[in-house]
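Examination of the molecular architecture
One-letter residues, chain by chain:
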Amino acid sequence: MHVISNLGIGGAELSLCALVEQTQGKEIDHVVISLLPNGALRPRLELAGARVIELAGQRGLAGALLLPGLGGHIASAKPDIVHSWMYHSNIAAIALRELRYFSCPLIWSIRQGLDNPTLDSGLTRALIWLGARLSAHPEVVVYNSDDAARTHEAIGYAAGRRLIIYNGVDCHRFKPQPDARSALRAQLDLAPGTILIGRVARYSPMKDFDTLLGAFRKALNTLPFARLLLVGTDISQANQQLVALCRRHGCLDQVLFMGPRLDIEQVYPALDLLVSSSSANEGFPNVVAEALASGTLVASTSSGQSDLIHGGAHRVVPPRNEDALCEAMVDLAGLALTALGAEEIKQLSGQGRRFVEANFSIDAFAQTHLLLYQDLLGRSAVAPHCLDAKTLARDGDEVRN
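If you're wondering where the values come from, they're calculated on a predicted model, not measured in any experiment. (Residues numbered from 1 in each chain as written. Predicted model: local features only at pLDDT ≥ 70, side-chain atom pairs only at ≥ 80, totals over all residues. Heavy atoms only, no water.)

1. Overview of the overall build of the chain
Selection rule: The way it works is that DSSP assigns letters per residue, a run of H or I at least four long becomes a helix, a run of E at least two long becomes a strand, and they are numbered from the N terminus. C-alpha atoms define the radius of gyration, and 2.2 Å times the number of residues to the power 0.38 defines the globule rule. Categorising residues by exposure relies on relative accessible area from a 1.4 Å probe, with only protein chains included: less than 20% of the type maximum marks a residue as buried, more than 50% marks it as exposed, and the intermediate range marks it as partly exposed. Contact criterion: two residues are considered in contact whenever any of their non-hydrogen atoms come within 4.5 Å of each other.
What the chain contains, in helices and strands, is 15 helices and 13 strands. A compact globule built from 401 residues would reach a C-alpha radius of gyration of about 21 Å, and the chain, at 21 Å, matches this within 12%. By principal-axis analysis of the C-alpha atoms, the chain measures approximately 65 × 45 × 40 Å. Taken over 401 residues, the chain has a buried fraction of 56%. A fraction of 69% describes how many contacts in the chain between residues 6 or more apart in sequence connect residues 24 or more apart.

Below is the structure:
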């Protein structure tokens, strides 16, 4: 049974979907409980065969009112394992086990780093602090990056519970698609020769749209026909703060806004360049890996899983550095303007995809979770609160290799 805050389009939610799709029916039946209703990813989970329960929760402290109802669902389902995702669900799950709604093994999943905790809300920071004090109670704490584990353990998370499972990328779904380019550009009514730079992210402080927009405005001096496509941020949702930021940087007319996409695999191959501008707290930036698998050039700040960023991204720059990010945009996106650039783009695109296939496959992601579940079930009858996470991590490395 998975417990997660919501089923909107986000990194943790999409990883849960991928896990269910890869493992449902393979010795596992998944039940997913979302604390908030109306999740866009519910149909995808149900199509994969999972049972989905959405509670009528609210954001903020009022969410605590859900605990008895959540506990009732878990108790009635009698799961073999409870797997919670991110801080709100982690704390709810450990509280319900202490209240004896269930007694089976519990896994926490943590999906971000903590380079700068002030970028999270006050409530989230409180839950992070509380999690550090309770982190010896779940059998395993799964992180999706080395940086996430390191920064959490630095504030007190139990190192003995650590297990790192990198996110996996479905390279059958995310792949080069020549027709995607013309289709998206026709949808956006772009003039021939337009250079399309994309950022796929929700609007939040850690994603650092301020530096992104400042760098893009400078890049326009060299690439006047460039356009910046912001995917995942819908202006119809009255995000006036982002509009004001574009206006302040003097590039509102060159920025295109697109809401969250369930078919994001059609967007990456249509871009000349994918930019990840995060300033801190990235765990494993899915968008970087997915874009690389799609054959798209990637410029990224150094925030996130080091193996992915430094091994796969085509240009890596320091966070919060407009000039460096601008230079990366101009160098990579500008390849589309030269005759020799086409061959270099082809070479770089192939390198990026091969890197993801070799290091971050969806099969390794799914199989390591299967090993974790099997290990917990094998041990729970004897030692329900003891797991040799180092041994399991070694087994997972053997799967990846």
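Back to the write-up after that little detour.
2. Notes on the packing of helix α8 (residues 209-219) against helix α12 (residues 322-333)
What counts, and what does not: Angular values range over 0 to 180 degrees, each being the angle between N-to-C directions of two axes fitted as lines to C-alpha atoms, with helices fitted over their stretch in contact. By definition in this entry, angles of less than 35 degrees are roughly parallel, angles greater than 145 are roughly antiparallel, angles of 65 to 115 are roughly perpendicular, and the rest are oblique. Rotating anticlockwise by less than a right angle from the far helix to the near helix defines a left-handed crossing, while the corresponding clockwise rotation defines a right-handed one. Classification convention: Asp, Glu, Lys, Arg as charged; Ala, Val, Leu, Ile, Met, Phe, Trp, Tyr, Cys, Pro as nonpolar; all other residues, Gly among them, as polar.
Where α8 meets α12, the closest approach of the two axes is 8 Å, and the angle between their N-to-C directions is 55°. In terms of orientation, α8 lies oblique with respect to α12. Relative to α12, α8 is oriented so that their crossing is right-handed. Mapping the contact onto sequence places Asp-210, Thr-211, Leu-212, Gly-214, Ala-215, Phe-216, Lys-218 and Ala-219 in α8 and Glu-322, Asp-323, Leu-325, Cys-326, Met-329 and Val-330 in α12. Taken together, the residues of the contact of α8 with α12 break down into eight nonpolar, two polar and four charged.

3. Here we look at the pairing of strand β4 (residues 82-85)
The cut-off we apply is this: Paired strands are those between which DSSP finds at least two bridges. The definition of a right-handed crossover adopted here requires that, viewed with the strands pointing away, the path from the first strand over the helix to the second runs clockwise.
With burial as the criterion, each face of β4 is covered, one bearing Val-82 and Ser-84 and the other bearing His-83 and Trp-85. Two elements, strand β1 (residues 2-4) and β4, share three bridges in a ladder whose sense is parallel. Note that in β4 the partner of Val-3 across the bridge is Ser-84. Here β4 runs beside strand β5 (residues 106-110); their pairing, made up of four bridges, is parallel. Pairing of Ser-84 across the sheet is with Trp-108, part of β5. Handedness of the crossover joining β4 and β5 through helix α4 (residues 86-98) is recorded here as right-handed.

4. A closer look at the side chain of Ser-84
When you line up the elements, Ser-84 lands in strand β4. Given a relative accessible area of 0%, Ser-84 falls into the buried group. The contacts of Ser-84, once residues within four sequence positions are left out, are Val-3, Ser-89, Asn-90, Ala-93, Leu-106, Ile-107, Trp-108 and Ser-109.

5. Points about the confidence of the model for the chain
Threshold: The predictor attaches a confidence to each residue, called pLDDT, with possible values from 0 through 100.
A residue-level look at the chain finds 92% of positions with pLDDT of 70 or above and a mean pLDDT of 91. In the model, residues 380-391 has pLDDT below 50 throughout and makes 21 contacts with residues more than four positions away in sequence or in other chains.

6. Let's talk about the environment of Leu-245
Tracing the sequence through the fold places Leu-245 in helix α9 (residues 240-248). Along the backbone, Leu-245 and Asp-210 are 35 residues apart, and their C-alpha atoms lie at a distance of 6.9 Å. In this structure Leu-245 touches Tyr-203, Phe-209, Asp-210 and Leu-213, once residues within four positions along its chain are discounted.

7. Description of the packing of aromatic side chains
Worth spelling out the cut-off: Any Phe, Tyr or Trp ring, taking Trp's six-membered ring, that has another such ring centre within 6.5 Å forms a pair; planes under 30 degrees apart are called stacked, those over 60 apart edge-to-face, and the others tilted.
Under the defined criterion, the tally for this structure stands at five aromatic pairs. Between Tyr-166 and Phe-360, the ring centres sit 5.8 Å apart and the planes meet at 75°, which makes this aromatic pair edge-to-face. One end of the pair, Tyr-166, is in the loop between β7 (162-164) and α7 (178-188); the other, Phe-360, is in the loop between α13 (341-359) and α14 (362-380), and 194 residues separate them in sequence. Between the aromatic rings of Phe-284 and Phe-360, the centroid separation amounts to 5.1 Å while the plane-to-plane angle is 75°, which identifies the pairing as edge-to-face. On the criterion of sequence distance, the pair formed by Phe-284 in the loop between β11 (273-276) and α10 (286-293) and Phe-360 in the loop between α13 and α14 is long-range, its members being 76 residues apart. Both residues of the pair, Phe-284 and Phe-360, count as buried.

8. Quick word on the pattern of salt bridges
The test is simple: Every case where a carboxyl oxygen of Asp or Glu lies within 4 Å of a side-chain nitrogen of Lys or Arg is listed as a salt bridge.
Under the counting rule described, the total for this entry stands at 19 salt bridges. A salt bridge links Asp-115 to Arg-150; the nearest nitrogen and oxygen atoms lie 3.8 Å apart. Placement of Asp-115 in the loop between β5 and α5 (122-134) and of Arg-150 in helix α6 (residues 146-153) is noted, with a sequence separation of 35 residues between them. Taking the relative accessible area as the measure of exposure, Arg-150 reaches 48% and is therefore partly exposed.

9. So, the sheet that holds strand β10 (residues 255-258)
Pairing within the open sheet is parallel, and its six strands lie in the order β10-β9-β8-β11-β12-β13. Because the sheet does not close on itself, it has two edges, and the strands there are β10 and β13 (315-317). Looking at each pair of strands side by side, their axes are set apart by 20° on average, direction ignored. Bridge count between strand β8 (residues 195-200) and β11: two bridges; the pairing is parallel. Paired with Gly-198 across the bridge in β11 is Leu-274. In this fold α7 packs onto β8, β9 (226-231) and β10, with an angle of close to 100° to the strand it touches most, β10. Seen against the sheet, α10 touches β8, β11 and β12 (298-301) and runs at an angle of roughly 165° to β12.

10. Description of the sheet that holds strand β2 (residues 31-34)
By definition, the strands of a sheet pair up through backbone hydrogen bonds, in either a parallel or an antiparallel sense. Across the sheet, seven strands lie side by side as β3-β2-β1-β4-β5-β6-β7; this open sheet has parallel pairing. One side of each edge strand has no neighbouring strand; the edge strands of this open sheet are β3 (51-54) and β7. Strand-to-strand twist of the sheet, defined as the mean angle between neighbouring strand axes without regard to direction, takes the value 20°. Strands in contact with α4 are β1, β4 and β5; relative to β5, the strand with the most contacts, it is inclined by about 165°.

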